[in-house]
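Structure at a glance
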Amino acid sequence: MGDAVSELKSRLLPRIRVLNNQPINPNGSFVVYWMTASRRFNYNASLERAIELGIILKKPVLVVEGVSIRHKWTSERVLTFMVQGLMRNLDQFEEHKITYIPWVENHKDTGDGLLRRVSEKAACMIIDDYPTYLPLWILNRASAVSKVRLEAVDSNGIFPMQMAGKAFPTAHSFRRFVQKNLLDTFQSTPLKNPMEGIDTDLRVPKNILDEVMDETKFEITPLEWMWRVAEGGEVGRTAMQPLEIDKEVPAVDSKPGGVIEARNLLEQFLEKKLYRYNSDRNNTENGASSGLSPWIHFGHISTHEIIHSILIRENWDPTFIDEESTGKGSRMGWWGVSEPAETFLDQIITWRELGYNFAFYNKNHYKIESIPDWAKKTLSEHSHERKEKYSFDQIENAQTDDEVWNAAQRELRETGMIHNYLRMLWGKRILEWSATPEIAADWMIKLNDRWALDGRDPNSYTGIFWVMGRHDRAWGPERPIFGKIRYMSSANTKKKLKLKKYLSQWS
Ligand SMILES: Cc1cc2nc3c(=O)[nH]c(=O)nc-3n(C[C@H](O)[C@H](O)[C@H](O)COP(=O)(O)OP(=O)(O)OC[C@H]3O[C@@H](n4cnc5c(N)ncnc54)[C@H](O)[C@@H]3O)c2cc1C
């Protein structure tokens, strides 16, 4: 049976990695998909693969969406956003006749204990492939404990991470790879509706499900509790009160998680912002960035969906591609779409997927070791010029003498986001103010992973280490503390951006 599955010519193969040597269990009750990163129904290659295997093996499909509260940066903010996503998924899976169990991990049990027990009942197992933080940790635990064949499936971006074969050092080199290989990725694009054309009812029969739940000691998270958490505000806080999570980082009521909210935001972006994305992206007033990163980070919306919507609006087809510039890595003109769309595609494909590429091939991607040698050297040459300007507490509480920086930090604390351009300045000033580059990296990670809704993402570490020269080049003139690292200052930012409203909002 295992061989039949291995030999199957699935169009998703470029996105699949088999993680263990365990066999398929022909007596297993279902194919289980352990959802950890692509937390959605649409454009989800893991789900599509689970359905494909369910049909080949003639087994129903069980989807378990787990939410851990035992990781380092668990907080009211993160938990609320994720549970709001679960509630949306419940409706979607119900509609498409797939058994879906949302599960918030409690303190009595650990996810990997449950995962092992569920695997004992399964024919085979699918998990989301993801290159960092908790989903990577769960993936590694799953490889160690699964009693049946385990496949990791990659829905992270247009390019399956394993396709590149190596880490790219710069956006330019990755863009060249993107241009040469884009069309090849289309064959493994996940379907919008993974149940398209499938009449089979893939739900796990109730008697089997009850038996399995009982035997695996799978304690279902009460729906009523999840509903209260998703409600947010005081209701949500009260529901989360018994949990040992970071309660100083509250939910952001203006940013509810879930696919519906993500699609609303995407619609607004397409209608009101995309056409001016290239000129207004950096503006703090009426800016044109999408604000989608939290929903992208939690997998509530796929970048396939976003990119597809844009290409449809641009009436794009592959004949638009400028073949002469293929592989040259130029930022503009290759796609053959409008300039704003071209700029956006470069951010959401080249820059975003460069972060996934780097994290996948570099286990130190979240450490200062990952910055290039020239950056290490120049920071070291200027280390004697450093002096700690503020303590971590002063920084975390936005108590510096820099009003622009304080405003950005307050925005982060209150909304879980920092405006695109100011996020770069935010990092650069932490690099300038801390006693060593190592401390700067540590503080940036602590602040971003704790407060940002889109934190703990491959691109959290791309952004943070870009501040220190990763994926960048050496710049002149050489400056104190920064050396050849690209410099940014609040004074220049004030000249470049209109900040009056922003500062009054966040002072
Ligand atoms: C210090 C620092 C920390 C950062 N931390 C994070 C983080 O925790 N999570 C995160 O997703 N991004 C991070 N970034 C990258 C970038 O700032 C955000 O992706 C972007 O601001 C998100 O806003 P948006 O969704 O409105 O972006 P838009 O401009 O609307 O872009 C759409 C999407 O493209 C991707 N994207 C855009 N710009 C970049 C970029 N420069 N690098 C990588 N991907 C990009 C994101 O997925 C984004 O949601 C960080 C950057 C810096 C300098």
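Residues numbered from 1 in each chain as written. Predicted model: local features only at pLDDT ≥ 70, side-chain atom pairs only at ≥ 80, totals over all residues. Heavy atoms only, no water.

**Concerning the overall build of the protein**
For clarity, the threshold we go by: In DSSP terms, a helix is any run of H or I states spanning at least four residues, a strand is any run of E spanning at least two, and both are numbered starting from the N terminus. Only the C-alpha atoms count toward the radius of gyration. The rule for a globule is 2.2 Å times the residue count to the power 0.38. We call a residue buried when its accessible area falls under 20% of the maximum for its residue type, exposed when it is over 50%, and partly exposed in between, using a 1.4 Å probe and counting protein chains only. Residue contacts follow a heavy-atom distance rule, with two residues in contact if any of their heavy atoms lie within 4.5 Å. Counted as positive: Lys and Arg. Counted as negative: Asp and Glu. His and the chain ends are not counted at all. Charged side chains are reduced to one point each, which is NZ for Lys, CZ for Arg, CG for Asp and CD for Glu.
The helix and strand inventory of the protein stands at 23 helices and six strands. For 507 residues, the compact-globule formula gives about 23 Å, and the C-alpha radius of gyration of the protein, at 23 Å, lands near that figure. Its C-alpha atoms put the protein at 70 × 60 × 45 Å along the principal axes. By residue count, 58% of the 507 residues in the protein fall in the buried class. Of the contacts formed within the protein by residues at least 6 apart in sequence, a portion of 78% connects residues at least 24 apart. On the protein, the mean spot of the 68 positive side-chain charges and the mean spot of the 68 negative ones are 4 Å from each other.

**Examining the pairing of strand β5 (residues 124–128)**
Applicable threshold: Note on pairing: DSSP must find at least two bridges between two strands before they are called paired.
For β5, the buried fraction is high: five of the five residues fall into the buried class. Burial along β5 is two-sided: the face carrying Cys-124, Ile-126 and Asp-128 and the face carrying Met-125 and Ile-127 are both buried. In terms of strand pairing, strand β2 (residues 31–35) meets β5 through four bridges, oriented parallel. Bridge pairing in β5 links Trp-34 to Ile-127.

**A few points about the site of the ligand**
Using the following cut-off: Definition of nearness: a residue and a molecule or strand are near each other if at least one heavy atom of the residue lies within 4 Å of the molecule or strand. Distance and chemistry together define a polar contact, namely a pair of N or O atoms within 3.5 Å, with one atom able to donate a hydrogen and the other to accept it when in protein, and with adjacent residues in sequence counting only for side-chain atoms on both sides. Shrake-Rupley sampling with a 1.4 Å probe provides the accessible areas, and residues are treated as covered by the protein chains on show and by no other component.
Neighbouring residues of the ligand: 23 residues in total, closest Tyr-277, Ser-290, Gly-291, Asn-420 and Ser-460. Ser-290 places a polar side-chain atom, nitrogen or oxygen, 2.6 Å from an oxygen atom of the ligand. At a separation of 3.0 Å, an oxygen atom of the ligand approaches a polar backbone atom of Ser-293. Look at the ligand: alone it shows 820 Å² of surface, and the protein chains cover 94% of it.

**Considerations on the domain arrangement of the protein**
Put simply, the rule is: Domain start and stop points were drawn from an automatic or database domain assignment. Buried area: the accessible surface (1.4 Å probe) lost by two parts on joining, summed over both. Salt bridges are identified by distance alone: a Lys or Arg side-chain nitrogen within 4 Å of an Asp or Glu carboxyl oxygen.
When the domains of the protein are assigned, the result is domain 1 (2–155 + 197–223), domain 2 (259–297 + 302–361) and domain 3 (368–506). When each unit is reduced to the centre of its C-alpha atoms, the spacing between domain 2 and domain 3 is 25 Å. Contacts between domain 2 and domain 3 engage 17 residues on the former and 23 residues on the latter. Taken together, the two surfaces of domain 2 and domain 3 that pack against each other cover about 1,700 Å², and 60% of this comes from carbon and sulfur. Here domain 2 is connected to domain 3 by zero salt bridges. Between domain 2 and domain 3 we count seven residue pairs in polar contact (both at pLDDT 80 or more) in total. Sorting the residues of the side of domain 2 that touches domain 3 by element identifies α13 (293–297) and α15 (339–361) as the ones contributing at least two each. Per-element accounting of the side of domain 2 that touches domain 3 gives the leading share, seven residues, to α15.

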